[in-house]
Amino acid sequence: MPTKTPANTPPLILVDGSSYLFRAYFALPALSTSDGHPTGAVRGVIAMLRKLAKDYAGSPIAVVFDAPGDTFRNELYPEYKGNRPDMPEDLREQIKPIHEIIRAMGLPLLMVAGVEADDVIGTLASQATAGKRPTVISTSDKDMAQLVSDHVTLVNTMSYTRLDRDGVVEKFGVPPERIIDQLALAGDSVDNIPGVEKVGVKTAAKWLNEHGDLDTIMAQAESFKGKLGENLRAALDQLPLSRTLATIKCDVELEQSIDELIPAAPDRAALTELFTRFEFKSWIAELDADDGESDAPAAADDTGAATTDRNYETVLTPKQLSSWITRLKKAKCFAFDTETTSVDYMVAELVGVSFAVAPGEAAYVPVAHSYPGAPDQLSLTTVLDALRPLLEDSKLKKVGQNLKYDLSVLARYDITLKGIAHDTMLESYVLNSVGSRHNMDDLAKNYLGLTTIKFEEVAGKGAKQLTFDQVPLETAAEYAAEDADITLQLHERLWSELSEIKPLRAVYESIELPLLEVLSAVERNGALLDGGLLAEQSQELAERLVELERSAHDEAGKPFNLDSPKQLQGILYEDLKLPVLKKTPKGAPSTAEAVLVDLANDYALPRIILEYRSLAKLRSTYTDKLPLQINQKTGRVHTSYHQAVAATGRLSSSDPNLQNIPIRTSEGRRIRQAFVAPRGRRLVAADYSQIELRIMAHLSGDAGLNEAFANDQDIHRATAAEVFGADVEAVSDDQRRSAKAINFGLIYGMSAFGLGRQLNIARGLAQDYIDRYFDRYPGVRAYMERTRAEAHEQGYVETLFGRRLYLPEINSKNVQAKQGAERTAINAPMQGTAADIIKRAMLSVAEWLASDDIDALMIMQVHDELVFEVHAKSVDALIEGAVARMESAAALDVPLKVDVGTGRNWDEAH
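None of these values were measured; they are calculated from a predicted model.

Trainee: Run through the overall build of the protein, naming residues and quoting values.
Mentor: A tally of helices and strands in the protein yields 36 helices and 22 strands. Its C-alpha atoms give the protein a radius of gyration of 33 Å, within 12% of the compact-globule value 29 Å for 910 residues. Along the longest, intermediate and shortest principal axes, the C-alpha atoms of the protein span 95 × 80 × 55 Å. Split into buried and exposed, the 910 residues of the protein put 50% on the buried side. If you take every contact in the protein between residues at least 6 apart in sequence, the share linking residues at least 24 apart comes to 67%. With an accessible surface of roughly 41400 Å², the protein has 49% of that area assigned to carbon and sulfur atoms.

Trainee: Let's hear about the pattern of salt bridges: which residues, and what values?
Mentor: On inspection of all chains with the given rule, the structure shows 42 salt bridges. Across the pair Arg327 and Glu361 runs a salt bridge whose closest N-O atoms are separated by 3.3 Å. Placement of Arg327 in helix 14 (residues 318-330) and of Glu361 in strand 10 (residues 361-366) is noted, with a sequence separation of 34 residues between them. Relative accessible area serves as the criterion here: at 31%, Arg327 is assigned to the partly exposed category. The residue Arg670 makes a salt bridge to Glu540 at a minimum N-O spacing of 2.5 Å. Taken as a pair, Arg670 in helix 26 (residues 666-673) and Glu540 in helix 22 (residues 531-556) lie far apart in primary sequence, 130 residues in all.

Trainee: Tell me what's going on with helix 2 (residues 40-55), and back it up with residues and numbers.
Mentor: Residue pairs three or four apart in sequence face the same way in an α-helix, which turns once every 3.6 residues. Its 16 residues place the ends of helix 2 22 Å apart at the C-alpha level, agreeing with the 22 Å of an ideal helix rising 1.5 Å per residue. Among the residues of helix 2, those classed as buried are Gly40, Ala41, Val42, Gly44, Val45, Ile46, Met48, Leu49 and Leu52.

Trainee: How would you summarise the layout of surface pockets if you had to cite specific residues and measurements?
Mentor: By volume, the second largest pocket is sized at about 1400 Å³. Together, 37 residues line the second largest pocket, and Phe22, Asp66, Lys81, Arg84 and Met87 are the ones closest to its centre. For the lining of the second largest pocket, the secondary-structure elements that each account for two or more residues are helix 1 (17-27) and helix 4 (89-104). Take the lining of the second largest pocket: its biggest share by element is six residues, from helix 1. When grouped by side-chain class, the residues that make up the lining of the second largest pocket number 14 nonpolar, eight polar and 15 charged.

Trainee: Hey, could you go over helix 12 (residues 268-277) for me, with residue numbers and the actual values?
Mentor: Restricting attention to buried positions, one finds in helix 12 the residues Leu271, Leu274 and Phe275. Along helix 12, the residues classed as buried sweep out an arc of 95° about the axis, all on the same side. Two residues or fewer past helix 12, Glu279 is found with a positive phi of approximately 60°.

Trainee: Please give an account of the sheet that holds strand 11 (residues 398-400) that cites residues and values.
Mentor: The mixed open sheet is built from six strands, whose spatial order is 7-10-9-8-11-12. Each edge of the open sheet carries a strand with a single partner, namely strand 7 (311-314) and strand 12 (420-423). Strand-to-strand twist in this sheet, taken as the mean axis angle between neighbours without regard to direction, amounts to 25°. Inspection of the sheet shows strand 7 paired to strand 10 by four bridges, in the parallel sense. Counted as the bridge partner of Thr314 is Tyr364 from strand 10. Against the sheet, helix 16 (residues 403-411) touches strand 8 (334-340), strand 9 (350-358), strand 11 and strand 12, its axis set at about 60° to strand 8.

Trainee: Describe unusual backbone geometry, listing the residues and the values that go with them.
Mentor: The residue after Asp655, namely Pro656, is reached through a cis peptide bond having omega 0°. Along the polypeptide, Pro656 turns up in the loop between strand 16 (652-654) and helix 26. Backbone geometry places Asn192, a non-glycine residue, at a positive phi of 60°. Position of Asn192 relative to the elements: it lies in the loop between helix 7 (179-186) and helix 8 (201-211). Phi is positive for Asp414, which is not a glycine, with a value near 60°. Secondary-structure assignment places Asp414 in the loop between helix 16 and strand 12. Given the relative accessible area of 61%, Asp414 is considered exposed.

Trainee: Give me the lowdown on the sheet that holds strand 20 (residues 856-862), citing residues and values where you can.
Mentor: Pairing is antiparallel across the open sheet formed by four strands, whose spatial order is 20-21-17-22. At either end of the open sheet lies a strand with only one pairing partner, and these are strand 20 and strand 22 (898-903). The average undirected angle you get between the axes of adjacent strands in this sheet is 20°. Contacts from helix 35 (residues 875-887) reach strand 17 (681-688), strand 20, strand 21 (865-871) and strand 22, with the element oriented near 20° to strand 17.

Trainee: How would you explain the pairing of strand 4 (residues 135-138) if you had to name every residue and give the values?
Mentor: In summary, the side chains of a regular strand alternate between the two faces of the sheet. Of the two faces of strand 4, the one holding Thr135 and Ile137 and the one holding Val136 and Ser138 are both buried throughout. In this sheet, strand 4 lies alongside strand 1 (residues 12-16) in parallel orientation, the contact comprising four bridges. Following the sheet pairing, Ile13 is matched in strand 4 by Val136. Sheet analysis places strand 4 next to strand 5 (residues 152-155), joined by four bridges and oriented parallel. Counterpart to Ile137 in the pairing with strand 5 is Leu154.

Trainee: Describe the packing of helix 7 against helix 11 (residues 239-246), with residues and values.
Mentor: For the pair helix 7 and helix 11, interaxial distance at closest approach is 8 Å and the crossing angle is 125°. It follows that helix 7 is oblique to helix 11 by the angle criterion. In this structure, the crossing between helix 7 and helix 11 has a hand that is right-handed. Together, Ile180, Asp181, Leu183, Ala184 and Leu185 of helix 7 and Leu239, Ser242, Arg243 and Ala246 of helix 11 make up the contact between the two elements. When its residues are assigned to classes, the contact of helix 7 with helix 11 shows six nonpolar, one polar and two charged.

Trainee: Quick one: what's the story with the environment of Ala104, residue by residue and with numbers?
Mentor: Here Ala104 shows up in helix 4. By relative accessible area, Ala104 is classed as buried at 6%. As a C-alpha pair, Ala104 and Thr272 span 168 residues in sequence and 9.6 Å in three-dimensional space. Residues contacting Ala104, with those up to four places away along its chain left out, are Pro266, Asp267, Ala270, Leu271 and Leu274.

Trainee: Outline the nonpolar core, supporting the account with residue identities and numerical values.
Mentor: Residues Phe675, Tyr688, Met860 and Leu878 are the most contacted members of the largest nonpolar core, which totals 114 residues. If you tally residues by element for this core, the top one is helix 34 (residues 815-851), at eleven residues. Apart from the residues within four sequence positions on either side, Met860 is in contact with Val522, Ala527, Tyr641, Leu658, Phe675, Glu865, Leu866, Val867 and Trp906. Counting 57 residues, the second-largest nonpolar core is a separate cluster that includes Met346, Val353, Tyr429 and Leu498.

Trainee: Can you lay out the pairing of strand 20 for me, pointing to particular residues and giving the numbers?
Mentor: Of all seven residues in strand 20, six are buried; the element is thus mostly enclosed. The pairing of strand 20 with strand 21 spans six bridges and is classified as antiparallel. Counterpart to Met860 in the pairing with strand 21 is Val867. Taking the residues between adjacent antiparallel strands as the criterion, strand 20 and strand 21 are bridged by two residues, where His863 takes a positive phi near 55°.

Scoring rules and cut-offs
- Residues numbered from 1 in each chain as written.
- Predicted model: local features only at pLDDT ≥ 70, side-chain atom pairs only at ≥ 80, totals over all residues.
- Heavy atoms only, no water.
- Helix = DSSP H or I, 4+ residues; strand = E, 2+ residues; numbered from the N terminus.
- Rg over C-alpha atoms; globule rule 2.2 N^0.38 Å.
- Buried < 20%, exposed > 50% of the residue type's maximum accessible area, 1.4 Å probe, protein only.
- Contact = heavy atoms within 4.5 Å.
- Areas by Shrake-Rupley, 256 points an atom, 1.4 Å probe, with all protein chains shown as cover.
- Salt bridge = Lys/Arg side-chain N within 4 Å of Asp/Glu carboxyl O.
- Expected span 1.5 Å × (residues − 1).
- 1 Å grid on protein atoms, 1.4 Å probe; cavity = no way out; pocket = protein on both sides within 12 Å on 5 of 7 lines; lining within 4 Å.
- Points joined across faces, edges and corners; volume = space filled by probe spheres on them.
- Nonpolar A, V, L, I, M, F, W, Y, C, P; charged D, E, K, R; others polar.
- Arc of directions from axis to C-beta.
- Pairing = 2+ DSSP bridges.
- Axes fitted to C-alpha atoms, helices over the stretch in contact; angles between N-to-C directions.
- Parallel < 35°, antiparallel > 145°, perpendicular 65-115°, else oblique.
- Left-handed = near helix turned anticlockwise from the far one by under 90°.
- Core = buried A, V, L, I, M, F, W, Y, C linked by side-chain atoms within 4.5 Å.

The structure is reproduced here in structure tokens:
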């Protein structure tokens, strides 16, 4: 049984090779080599596969062909496919070359005797559905429609049109589970499957929609009138056989499951020979170009071109290690990387380390490859003892890709990595946060034009993926040494660009690079979690969910699956006749959250569904999952902070994600109550107050906003007084609420329509509020107009500290895209400056804690908040020192203000 597939997994592509074969032969021109060998079908099939691989880049592809000889269907019905002409000889002789090229491309090729390609694909599709694995079947065979499910779709071989469940119904008139019955009734002249005479697919669909299924139709055959009824009754004896012949067998014994269909690396030598033999000159040229890239994983020279030399060494002896240590000591800067057993820095064990000292000059030192037959390696102790002085020497400069991970792994071995000079992930991120993803593979492609060895190529994919200690050393060494080598190349290229832009260089050197060490420490500190409290809350949520489900069924008048958008759609719009406020791209009434929020103002069931969804998400994401993420050795959860994800510079976190725990609901606050302090200690939460509005006041220079903040006024009450023309003391709570929506809405580019919707007022009145706001705060309007103009002119905006936020669509011809970029242009300097400020605060506080006697740990960063765990006797000193450093992290025209609290748990401290 296949394992459950993680979210965002690229789809598995199953190719009906036999369908490709006939389509290529009959639909494309006949071609041949100069000496007369036919190649039209070869070129057609391989061209379609190459296009498919391009369209589904990153997806594994497997190709299935019919095996020679008869199948079980011929035994059941000797006339099966009996009216098909023999395969043309010039097509037959192209089959072997096609198979050879497919295998040389590294694609799995399956053929099983006694069954058809359809049956092999059906078995794999069944596994995909069971494992919830997204799968695409590339075929032009209509019979395959019976395999479509929520996880399996069809793509037509020639037209590339897609068929999901809705598409099957639209095209054939019946859902996938009725395709077999339809084929049995209508018959199939291509496969010579007998059906009911004069009954085609449309009549069959009509009967099935009226009566349900084939068995019911057969049982009620006497009720069918006219000639078609007579034909139906005449066909009753052979319909079960027709159904069997039309049914794709989904339990074929296969040597490989879907999880084992892992493409291999292309055999370039074999492909070159085959393409040469069949005179595919353009493909030979592409291979030559690819070879030029793959053989050139060395550093860029001054022109940005990559060197073609490579000299990698696998270090297995003390003499080799000693030689490399000497080279590392002499190097001006060397690249460093670890290979481990896990991406979780808290449990990862070292398998080896790699270095690069110059373009193409790299080494891998394995210490723990443990597969059967693995060669002898230096011991972990020997290697770490030899490397410790270098790794802990701050004078020896190191460069890495995501060095925070390597730093954390080494810390588990009591090695403090020092001398961190550069991190290529952060260099790329600061240079252009939206220019590309910032992983090494993408950076190598974008900046060096090189294709690197992917981890999946050496370790496999899915459930069968090996941990790195099980990867054969000859493969592992090339991969690991390349990591260090490419990192050094990337640094040379990225640094040459980044160092030329002084504001960005300052952001990199003074904020991002030093912050990685602070974040590593915060991650390893972790937060203590009360798993029992979460388990108790999880049980209560489960009981509440049952109550909500019961209430929803009562409102609907019948039971239904609350987690099924399709069933909910039927209840809301067909049974209860609620108004359709919005439709999906396919034209169906929407059940999205925003729609339910609007409906909830007037109807009970949408309110119930919203609460149900909210609590179900809390339970699955936090109360059930958080206890499973507690480290068994520390009793704490250790998140991973990501510096190079959000375009604005904000940090994000995962495993667990600490950024999205709700704070405005009682259930969310209860989750925060599970984050606790050990006995004798307290949690302290220090949170910037209205930091983005304060930044807006500074950037806009608006006198009214600056005065309100300078006088430490309630900014929302002050804004309400300005907008509504009232004394501050006379502002009502409703007016303050409206002013708060205006204050925050405008800095996020909210329109009058959006404000009206949020405040539940008419659009005209909302526009009146906005106009009054800009009349009272003209500096804000001027700032927005100035920022839009600058963004259009230069293509980016900047934070107060010089971080650039590029806007690729600011001059787009697409109006919506351009307006979205304009809204980002206004907000990004505020959000980005806020991110820079709290990062500067973390650096300042961390430096202070390291040099002071205070018994405290920084354990979390969440949005504009820092959370500390501190000894009870040091609480006051921690608050005083942390607040002072946070409030002085930036010099604005208005004062920064920090709200602080303390308690036995995070909720109390907030």
